[in-house]
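Here are the chains, one letter per residue:
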Amino acid sequence: MADTPGVTADSLKLKLIDQLQAQHVEIEDLSGGCGQAFQAVIVSPQFEKKTMLARHRLVNSALKAEIAAIHAWTPKCYTPEQWQALQG
Amino acid sequence: MFFRTLASSALRPLCQQPRAFQPTSSAFKLMLPTILHARNLSSETRTAIDKAIASAPVVLFMKGTPETPQCGFSRASIQVLGLQGVDPKKFVAFNVLEDSELRQGIKEYSDWPTIPQLYLDNEFIGGCDILMSMHQSGDLAKILEEKGVLVAAE
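Calculation rules
Counting of residues starts from 1 at the beginning of each chain's written sequence and follows it residue by residue. Chain letters start at A and ligand numbers start at 1, both assigned in the order the entries are written. Local features in this predicted model are restricted to residues of pLDDT 70 or higher, and side-chain atom pairs are both shown and tallied only at a pLDDT of 80 or more, whereas totals for entire chains, interfaces and linings draw on every residue. Among buried residues, those of type Ala, Val, Leu, Ile, Met, Phe, Trp, Tyr and Cys that are joined through C-beta atoms within 7 Å form a set called a nonpolar core. Partly exposed residues are those whose C-beta has more than 12 but fewer than 20 other C-beta atoms within 10 Å; with 20 or more the residue is buried, with 12 or fewer it is exposed, and the C-beta atoms are placed from the backbone. Under the scheme used here, helices are H or I runs from DSSP no shorter than 4 residues and strands are E runs no shorter than 2 residues, and both carry numbers assigned from the N terminus. In this description, any two residues whose backbone-derived C-beta atoms lie within 7 Å of each other are considered to be in contact. Confidence of the predictor at the level of single residues is given by pLDDT, which spans 0 to 100. Amino acids outside the nonpolar list (Ala, Val, Leu, Ile, Met, Phe, Trp, Tyr, Cys, Pro) and the charged list (Asp, Glu, Lys, Arg) are all regarded as polar, and Gly is one of them. Note on pairing: DSSP must find at least two bridges between two strands before they are called paired. Only the contacting stretch of a helix is used when fitting its axis, a line to C-alpha atoms as for every element, and angles between N-to-C directions run 0 to 180 degrees. The definition of a right-handed crossover adopted here requires that, viewed with the strands pointing away, the path from the first strand over the helix to the second runs clockwise.

Brief notes about the nonpolar core
So, step 1. Membership of the largest hydrophobic core comes to 34 residues, with the highest contact counts inside it found for Val58(B) and Val59(B).
So, step 2. Breaking this core down by element, the ones donating at least two residues are α4 (43-54), β1 (58-62), α5 (72-84), β2 (91-95), α6 (100-110), β3 (117-120), α7 (128-137) and α8 (139-147) of chain B.
So, step 3. Apart from residues no more than four positions distant in its own chain, Val58(B) is found in contact with Leu81(B), Val86(B), Lys90(B), Phe91(B), Leu120(B) and Val149(B).
So, step 4. Core analysis: the next-biggest nonpolar cluster, separate from the first, contains 16 residues, Leu20(A), Phe38(A), Phe47(A) and Ile70(A) among them.

Examining the confidence of the model for chain A
Residues shown with low pLDDT carry predicted positions that ought not to be read at fine detail.
So, step 1. Overall, the predicted model of chain A reaches an average pLDDT of 89, with 92% of residues at or above 70.
So, step 2. Taking the mean pLDDT of every element in chain A, the minimum, 90, falls on helix α3 (residues 64-69) of chain A and the maximum, 95, on helix α2 (residues 52-62) of chain A.

Considering the interface of chain B and chain A
So, step 1. Each side of the interface is counted separately: chain B has eight residues, and chain A has ten residues.
So, step 2. Sort the elements by how many residues they give to the side of chain B that touches chain A and α7(B) lands first, with three residues.
So, step 3. In terms of residue class, the side of chain B that touches chain A is made up of four nonpolar, three polar and one charged.

Structural notes on the environment of Val58(B)
So, step 1. Mapped onto the elements, Val58(B) comes out in strand β1.
So, step 2. Sequence spacing of Val58(B) and Val86(B) is 28 residues, and the spatial spacing of their C-alpha atoms is 8.3 Å.

Focus: the sheet that holds strand β3 (residues 72-78) of chain A
Residues and elements named next belong to chain A.
So, step 1. With mixed pairing, the three strands of this open sheet are ordered in space as β1-β2-β3. A single partner strand is all that each edge strand has here, and the edge strands are β1 (24-29) and β3. Strand-to-strand twist of the sheet, defined as the mean angle between neighbouring strand axes without regard to direction, takes the value 10°.
So, step 2. Against the sheet, α2 contacts β2 (37-43) and β3, and its axis sits at roughly 120° relative to β3.
So, step 3. Lying over the sheet, helix α4 (residues 80-87) contacts β1, β2 and β3, oriented at roughly 90° with respect to β3.

Some remarks on the environment of Ile143(B)
So, step 1. Along the chain, Ile143(B) turns up in helix α8.
So, step 2. In sequence terms Ile143(B) and Leu120(B) are 23 residues apart; their C-alpha atoms lie 9.0 Å from each other.

Some thoughts on the confidence of the model for chain B
Residues and elements named next belong to chain B.
So, step 1. Per-residue confidence for chain B gives a mean pLDDT of 81; residues scoring 70 or more make up 74%.
So, step 2. Confidence over residues 1-20 falls short of pLDDT 50; this stretch has 40 contacts with residues more than four positions distant or in other chains.
So, step 3. Counted against residues more than four places away or in other chains, residues 22-38, with its pLDDT under 50, gives 15 contacts.

Brief notes about unusual backbone geometry
So, step 1. A cis amide bond links Ile115(B) to the next residue, Pro116(B), at an omega of 10°.
So, step 2. Position of Pro116(B) relative to the elements: it lies in the loop between α6 and β3.

With respect to the environment of Leu140(B)
Residue and element names in this part refer to chain B.
So, step 1. Topologically, Leu140 is positioned in helix α8.
So, step 2. Measuring from C-alpha to C-alpha, the distance between Leu140 and Val80 comes to 9.5 Å, with 60 residues separating the pair along the chain.
So, step 3. Non-local contacts of Leu140, meaning those with residues more than four positions away in its chain, are made with Gln84, Leu131, Met134 and His135.

What about α4(A)?
So, step 1. Of all eight residues in α4(A), zero are buried, a share of ten percent or less.
So, step 2. Trailing α4(A) by a residue or two, Gly88(A) shows a phi angle of about 50°, which is positive.

Quick notes on the pairing of β2(B)
Residues and elements named next belong to chain B.
So, step 1. Counted residue by residue, β2 has five buried out of five residues, so it is predominantly covered.
So, step 2. Residues Phe91, Ala93 and Asn95 point to one face of β2 and Val92 and Phe94 to the other, with burial holding for every one of them.
So, step 3. Of the strand pairs in this sheet, β1 and β2 are connected by five bridges, and their pairing is parallel. When the sheet's bridge partners are listed, Val59 is paired in β2 with Val92.
So, step 4. At this point the chain moves from β1, through α5, to the parallel β2, and the crossover so formed is right-handed.

The structure is reproduced here in structure tokens:
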């Protein structure tokens, strides 16, 4: 663990925008600073026509190293349309 | 707190069962450092996990035991399964904290980075988030019903 670079909300966000063409990313650090627990809202067109399991797998593979280094990772994955609908 | 009682009393007998995993894994304890570095699932571990997953229709890999979960996500998963009325006779929980080989191995086996992990009839369903949202959407009740793993209504 010693050589694991610190995971921050910003580093996660940049990677998701870069790799999943995420249009909207909200990352909340729930760890109180230790970098161990994150909750995320991810909106990406790549989630289109994918089951929740497939969406999570997509995110997990984009963030493989980061997720391995943290304890808790709670992604919520929406397509742009779903996200619009939620904004009501 | 009805669901908690239900979960712990209904699911209690099942957490005895992880022993099935132990022979294989303890035989491998000596090789553990190598295996962890290689990050390659040994065929022995794979076989042990195959067996674990096939040991009941509903299998949960979790941190802690159903009566004493060691992580909020594992606790939530157990509570949902209890709420849904999963038949204890059709459920087995494996405590990954008792076995570091299993803890690492199951992540690679499922290609899923976190614990808990739920299997239904040998099929990976997902982790806590997926379980929660399937619970809320009604999909979980549907699939559990289809698989016939719920306690029969009286």
